[in-house]
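One-letter residues, chain by chain:
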Amino acid sequence: MTRKTAILTGLAAGAALLGASRYLGQRRASARAAQLTGIIPIITPFIDIETAEGVLAVMEHLPDDRVTVVLHTLGGCITACVLIANALRQFTDSTAVVPYLAISGGTLIALSANRLEMGSRASLSAVDPQIMGQRVKHLAENRDKPSLAALAREYDVSMRKYVRARLSDLVPADRLNPAMDLFMGEHAPHDWPIQRPEVEATGIAVNPAARKWVDLVDAHRWRAW
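Residues numbered from 1 in each chain as written. Predicted model: local features only at pLDDT ≥ 70, side-chain atom pairs only at ≥ 80, totals over all residues. Heavy atoms only, no water.

## Let's talk about the nonpolar core
Counting 47 residues, the largest nonpolar core has Val69, Leu116 and Leu124 as the members making the most contacts within it. Looking at this core element by element, the count peaks at seven residues for helix 3 (residues 78-89). Leave out the neighbours within four places in its chain, and Val69 touches Ile40, Ile42, Met59, Leu88, Thr95, Ala96, Val97 and Ile109. Counting seven residues, the second largest nonpolar core, distinct from the first, contains Ile43, Ala209, Trp213 and Leu216. (Core = buried A, V, L, I, M, F, W, Y, C linked by side-chain atoms within 4.5 Å. Buried < 20%, exposed > 50% of the residue type's maximum accessible area, 1.4 Å probe, protein only. Helix = DSSP H or I, 4+ residues; strand = E, 2+ residues; numbered from the N terminus. Contact = heavy atoms within 4.5 Å.)

## Concerning the environment of Leu170
Tracing the backbone shows Leu170 in helix 6 (residues 146-170). Overall, the relative accessible area of 21% leaves Leu170 in the partly exposed class. Counting along the chain gives 32 residues from Leu170 to Thr202, while the straight-line C-alpha distance between them is 8.9 Å.

## Description of the pairing of strand 4 (residues 115-118)
Strand direction decides the pairing type here: strand 3 (residues 93-98) and strand 4, joined by four bridges, are parallel. Across the sheet, Val98 pairs through a bridge with Met118, a residue of strand 4. Once you follow strand 3 into helix 4 (residues 105-110) and on to strand 4, the crossover reads as right-handed. (Pairing = 2+ DSSP bridges. Right-handed = clockwise from strand over helix to strand, strands pointing away.)

## Details of the pattern of salt bridges
In total, this model carries nine salt bridges according to the counting rule given. Between Arg66 and Asp64 there is a salt bridge, with the nearest N and O atoms lying 3.7 Å from each other. Classification of Arg66 as partly exposed rests on a relative accessible area of 44%. The exposure class of Asp64 is partly exposed, given its relative accessible area of 41%. Asp93 is paired through a salt bridge with Arg115; the nearest N and O atoms lie 2.3 Å apart. With Asp93 in strand 3 and Arg115 in strand 4, the pair connects residues that are 22 residues apart, well separated along the chain. Overall, the relative accessible area of 23% leaves Asp93 in the partly exposed class. Arg115 sits in the partly exposed class, given a relative accessible area of 35%. Salt bridges sharing partners connect three or more residues here, namely Lys137, Asp156, Arg160 and Glu186. (Salt bridge = Lys/Arg side-chain N within 4 Å of Asp/Glu carboxyl O.)

## Some remarks on the sheet that holds strand 4
One open sheet holds the five strands; their spatial order is 1-2-3-4-9, and the pairing between them is parallel. For this open sheet the edge positions go to strand 1 (39-44) and strand 9 (206-208), each flanked by a neighbour on one side alone. The average undirected angle you get between the axes of adjacent strands in this sheet is 25°. With six bridges connecting them, strand 1 and strand 2 (residues 66-73) associate as parallel partners. Directly across from Ile42, in strand 2, lies its bridge partner Leu71. (Axes fitted to C-alpha atoms, helices over the stretch in contact; angles between N-to-C directions.)

## Some remarks on the environment of Leu124
Topologically, Leu124 is positioned in strand 5 (residues 123-124). Look at Leu124 and you get buried, because its relative accessible area is 0%. Once the C-alpha coordinates of Leu124 and Pro193 are considered, the two residues, 69 residues apart in sequence, prove to be 5.8 Å apart. Not counting residues within four places of it along the chain, the set of residues in contact with Leu124 comprises Val98, Ala102, Ile103, Thr107, Ala110, Leu116, Met118, Phe183, Trp192, Pro193, Ile194 and Val199.

## Regarding the side chain of Thr44
Topologically, Thr44 is positioned in strand 1. Within polar-contact distance, the side chain of Thr44 engages the backbone oxygen of Phe46 at 3.2 Å. (Polar contact = N/O pair within 3.5 Å; in protein donor to acceptor, adjacent residues only side chain to side chain.)

Spelled out as structure tokens, the structure:
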């Protein structure tokens, strides 16, 4: 390695470390702000286990039994989204805010709060699981790959049970089956947008999202997306 190459390599490594340091600093600052305000932005294209760990860590250190999650996401890892949804259900005072969109696992989290707020043009979607980009309800019928089909059936049964239990707390008994059809995507593609009037038609109460939440998402999403 020449001296010039070594210098350039060192500068590149230093820049990378500086960038990582700034990123970690921003994450710590966001976590501290969330702990003080009880507001947790989940603004990311993909919710992974690391995201879930961060959200759970902030929730664990909140001073009150009150939390607001602001969602702007396309969903993500099933386990990660269920972890956040489970944690959110343990708060006595919880609000999920969707200024623009909370697709797939984002919808699962949104439905887990005591209160739901949506922007006038915001959308949710079905929450049925996918494996390798395919809906488990379709993979469960795959006779050529029995092990994959068995796994798909396990995910399908588990999610249906999970969603039905939550919707039972949110909608009248006579609307439970239509709500299940809507959020399990029985008559539409997995990520087909479900707008606020459709959500309200199931009996789920939806309040309008305040402008400040739109501004918060706008401030974060340029960095996260």
